[in-house]
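Examination of the molecular architecture
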Amino acid sequence: MARSLIDIREFSVEELQELIDTANDIIARPQAYAECCRGKKLATLFFEPSTRTRLSFEAAMYELGGNVIGFSEAQSSSASKGESVADTARVISCYADIIAMRHPKEGAPLVAAMNASIPVINAGDGGHNHPTQTLTDLLTISREKGRLDHLTVGICGDLKFGRTVHSLIAALSRYTGNRFILISPEELKLPSYVKKEILKEKGIPYVQTTDLETVMPELDILYMTRVQRERFFNEEDYLRLKDSFILTPDKLKNAKEELCIMHPLPRVNEISVAIDDDKRACYFKQALYGKYIRMALILKLLKEAGTL
Ligand code: CP
């Protein structure tokens with residue numbers, strides 16, 4: 001079985017740094033990487049909608065000189081006829097060198113990895129994990145703050161269903177001195193399993209609150225998230241909770257000058273467009289960095305598979 005990326009914890013801190021270093025080198029010297037994947041194919045198997053993850057993976061492979069095949073919705077694949085994820089992964093292994101898969105079911109990319117003979121990258125599985133968003137977030141924090149440790153990280157919004165949040169907490173918990181302020185409505189608090197397996201297990205300091213403005217002055221990072229409409233069983237609950245937190249310029253009046261405001265995007269209503277020109281707004285840079293770190297990841301996994 002080729003090495004895949006299903007959960008961010010599968011990479012050591014040293015490997016995360018290696019990916020960040022490679023991404024920074026790609027940003028500095030893109031031409032040096034332009035032919036690295038000549039003749040190689042990435043398959044993007046997206047059973048759920050995506051703009052950033054799918055298109056940044058595709059842009060990443062093209063900028064490495066490679067090619068892309070795939071589909072962007074389950075309906076246009078044979079999953080609509082009942083084909084299993086396991087069979088799909090076996091078949092795509094005959095056509096491509098590496099897979100990026102997004103799926104609404106938690107664990108589907110793991111099943112794909114267990115049945116594929118090529119590396120599989122989890123591009124988001126249900127409300128579970130989104131490790132390549134976390135790689136994007138780590139590159140952004142590293143470039144904006146100059147470090148990944150000794151940070152007070154506020155994470156705000158839908159901490160229950162927000163898969164980017166679960167992977168980010170897993171990653172940042174591995175660096176010394178980080179603490180988390182978890183800001184959400186009662187109904188959308190961080191799942192117990194994440195608190196138990198990561199924060200409590202590692203003794204990471206955290207507090208939970210429903211009040212963003214009170215904690216604002218403490219934050220080095222503010223990671224806003226969307227309320228995940230597609231994960232709700234009940235539309236009424238979504239409508240009641242969707243605008244729980246809306247970041248507007250007045251809410252930043254007590255924030256640090258060096259605050260880094262992040263959001264995995266898509267944004268619905270959580271950050272006012274009036275903040276987009278604030279020098280602390282990093283979310284569009286974050287989307288750009290996603291392409292470079294995915295280039296680094298493709299290179300690493302193809303090298304480890306012996307394909308490059
Ligand atoms: N951040 C993120 O996963 O965006 P997409 O859903 O557009 O891929």
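Scroll up to find the structure this text is about.
My aim in this report is to walk through the structure given alongside it, one point at a time.

Conventions and cut-offs
Residues numbered from 1 in each chain as written. Predicted model: local features only at pLDDT ≥ 70, side-chain atom pairs only at ≥ 80, totals over all residues. Heavy atoms only, no water. Salt bridge = Lys/Arg side-chain N within 4 Å of Asp/Glu carboxyl O. Helix = DSSP H or I, 4+ residues; strand = E, 2+ residues; numbered from the N terminus. Buried < 20%, exposed > 50% of the residue type's maximum accessible area, 1.4 Å probe, protein only. Pairing = 2+ DSSP bridges. Axes fitted to C-alpha atoms, helices over the stretch in contact; angles between N-to-C directions. Near = heavy atom within 4 Å. Polar contact = N/O pair within 3.5 Å; in protein donor to acceptor, adjacent residues only side chain to side chain. Areas by Shrake-Rupley, 256 points an atom, 1.4 Å probe, with all protein chains shown as cover. Nonpolar A, V, L, I, M, F, W, Y, C, P; charged D, E, K, R; others polar. Domains from an automatic or database assignment. Contact = heavy atoms within 4.5 Å. Right-handed = clockwise from strand over helix to strand, strands pointing away. Parallel < 35°, antiparallel > 145°, perpendicular 65-115°, else oblique. Left-handed = near helix turned anticlockwise from the far one by under 90°.

Focus on the pattern of salt bridges
A complete count under the given rule lists 24 salt bridges for this structure. Lys279 is the salt-bridge partner of Glu257, the closest N and O atoms lying 3.5 Å from each other. Of this pair, Glu257 sits in the loop between helix H9 (235–241) and strand S9 (260–262) while Lys279 sits in the loop between S9 and helix H10 (283–304), and the two are 22 residues apart along the sequence. Given a relative accessible area of 49%, Glu257 falls into the partly exposed group. Here Lys279 falls in the exposed class, since its relative accessible area comes to 60%. Bridged by salt links that share partners, the residues Arg3, Glu15, Glu18, Lys300 and Glu304 form one connected network.

Regarding the sheet that holds strand S4 (residues 120–125)
Pairing between the strands of a sheet is mediated by backbone hydrogen bonds and can be parallel or antiparallel. The strand order S2-S1-S3-S4 describes an open sheet built from four strands, whose pairing is parallel. Across the chains shown, the open sheet's two edge strands, defined by having one partner strand only, are strand S2 (67–71) and S4. Strand after strand, the sheet turns through a mean of 15 degrees between neighbouring axes, direction not considered. Bridge analysis of strand S1 (residues 41–46) against S2 gives five bridges, and the strand direction is parallel. What sits directly across from Leu45, in S2, is Phe71.

A look at the site of the ligand
Around the ligand, the structure places Ser50, Thr51, Arg52, Thr53, Arg102, His130, Gln133, Pro264 and Leu265. Ser50 is positioned such that a nitrogen or oxygen atom in its side chain is 2.6 Å from an oxygen atom of the ligand. Here Gln133 contributes a side-chain N or O atom positioned 3.0 Å from a nitrogen atom of the ligand. Protein coverage of the free-state accessible area of the ligand, which is 260 Å², stands at 91%. Broken down by class, the residue content of the shell around the ligand amounts to two nonpolar, five polar and two charged. Taken domain by domain, the makeup of the shell around the ligand includes at least three residues from each of domain 1 (8–129 + 290–304) and domain 2 (131–287).

Quick look at the environment of Gly66
Relative to the elements of secondary structure, Gly66 occurs in the loop between helix H2 (52–63) and S2. Note: C-alpha distance between Gly66 and Arg38 (28 residues apart in sequence) is 4.8 Å. Excluding anything up to four places from it in sequence, Gly66 contacts Cys37, Arg38, Lys40 and Met61.

Topic: the pairing of S4
Taken across its six residues, S4 has six buried, putting it largely inside the fold. In the sheet, strand S3 (residues 98–103) pairs with S4 via four bridges, with the strands oriented parallel. Within S4, the position partnered with His103 by the bridge is Asp125. Taking the sense of rotation as the criterion, the β-α-β connection linking S3, helix H4 (residues 108–115) and S4 turns out right-handed.

Quick word on the pairing of strand S5 (residues 152–156)
Across the five residues that make up S5, a large majority, five, are buried. Side chains Thr152, Gly154 and Cys156 project from S5 onto one buried face, and the interleaved Val153 and Ile155 project onto a second face that is buried too. As judged from the five bridges shared by S5 and strand S6 (residues 179–183), these two strands associate in the parallel manner. From the neighbouring strand, Cys156 faces S6, where its bridge partner is Ile183. Between the parallel pair S5 and S6, the chain is carried across by helix H6 (residues 163–172), and the sense of this crossover is right-handed. Pairing of S5 with strand S8 (residues 221–224) involves four bridges; the strand directions are parallel. Counterpart to Gly154 in the pairing with S8 is Leu222.

Digging into the packing of H6 against helix H7 (residues 192–202)
Axis separation between H6 and H7 bottoms out at 10 Å; the angle between their running directions is 10 degrees. Taken together, the axis directions place H6 and H7 in an arrangement best described as roughly parallel. Every pair of crossing elements has a handedness; the one defined by H6 and H7 is right-handed. Where H6 abuts H7, its residues His166, Ile169 and Ala170 lie against Tyr193, Val194, Ile198 and Leu199.

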